Amino acid sequence: MRKPFLITPVVRLRRAVSTWWASRTAAAARLGLDRGMSTAEYAVGTIAACGFAALLFKVVTSSEVQEMLTTLVNRALNTAG
């Protein structure tokens, strides 16, 4: 005899989120709300991402950070072997 299928908490959560998302998108469609970003928002987001990437590149390529990373890798290799 087969055991009845039990709904796990994960399945319940997935169904609840799916239902919630469907109701939100339906409400947004009824109200005519704009979904997504406009071209200007994409441009600002792209510039911000490029600026953050440049800052991160500058930090990672600095001599202090390179020395810290080299020391960390050497210490990890020396303790393993």
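Nothing here was measured: the structure is a model prediction, and the numbers come from that model.

(A) Structural context of the overall build of the protein. A count of helical and extended segments in the protein gives three helices and zero strands. Helices and strands in the protein line up, N terminus first, as α-α-α. Split into buried and exposed, the 81 residues of the protein put 2% on the buried side. About 7800 Å² of surface is accessible on the protein, with carbon and sulfur atoms providing 67% of the total.

(B) Summary view of the confidence of the model for the protein. With 81% of its residues at a pLDDT of 70 or more, the protein has an overall mean of 82. By mean pLDDT, helix H1 (residues 9-31) is the weakest element of the protein at 81, and helix H2 (residues 39-60) is the strongest at 91.

(C) Molecular detail of the packing of aromatic side chains. Applying the stated criterion across every chain yields a total of one aromatic pair. With 6.0 Å between their ring centres and 50 degrees between their planes, Trp20 and Trp21 make a pair best called tilted.

(D) Up close: a nonpolar patch on the surface. There is a patch of nonpolar side chains on the surface, built from Phe52, Leu55, Leu56, Val59, Val60, Leu69 and Leu72 and spanning about 660 Å² of accessible area. Of all the elements, H2 adds the most residues to the nonpolar patch, at five residues. For Leu69, the location among the structural elements is in helix H3 (residues 63-80).

The rules behind the values
- Throughout, residues of each chain are indexed from 1 in the direction in which the sequence is written.
- With pLDDT at 70 or above as the cut-off, local features in this predicted model cover only qualifying residues; side-chain atom pairs require 80 or more to be listed or tallied, and sums for whole chains, interfaces and linings still use all residues.
- The side-chain numbers reported here are obtained from all heavy atoms of the structure, hydrogens and water having been left aside.
- What counts as a helix is a DSSP run of H or I of at least four residues, what counts as a strand is a run of E of at least two, and both are numbered from the N terminus.
- For each residue, the accessible area found with a 1.4 Å probe, counting protein chains only, is set against the maximum for its type, and the residue is called buried under 20%, exposed over 50%, and partly exposed in between.
- The accessible surface values rely on the Shrake-Rupley method and a 1.4 Å probe; as for residues, cover is taken only from the protein chains in view.
- pLDDT runs from 0 to 100 and stands for how confident the predictor is about each residue.
- Side-chain rings of Phe, Tyr and Trp, where Trp is taken by its six-membered ring, are said to pair if the distance between their centres is within 6.5 Å; with planes under 30 degrees apart they count as stacked, over 60 as edge-to-face, and otherwise as tilted.
- Candidates for patches are residues over 30% relative accessible area with no salt bridge; among them, like charges are joined within 9 Å and nonpolar side chains (Val, Leu, Ile, Met, Phe, Trp, Tyr) within 5 Å.
- Note on definitions: salt bridges are taken to be side-chain nitrogens of Lys or Arg within 4 Å of carboxyl oxygens of Asp or Glu.

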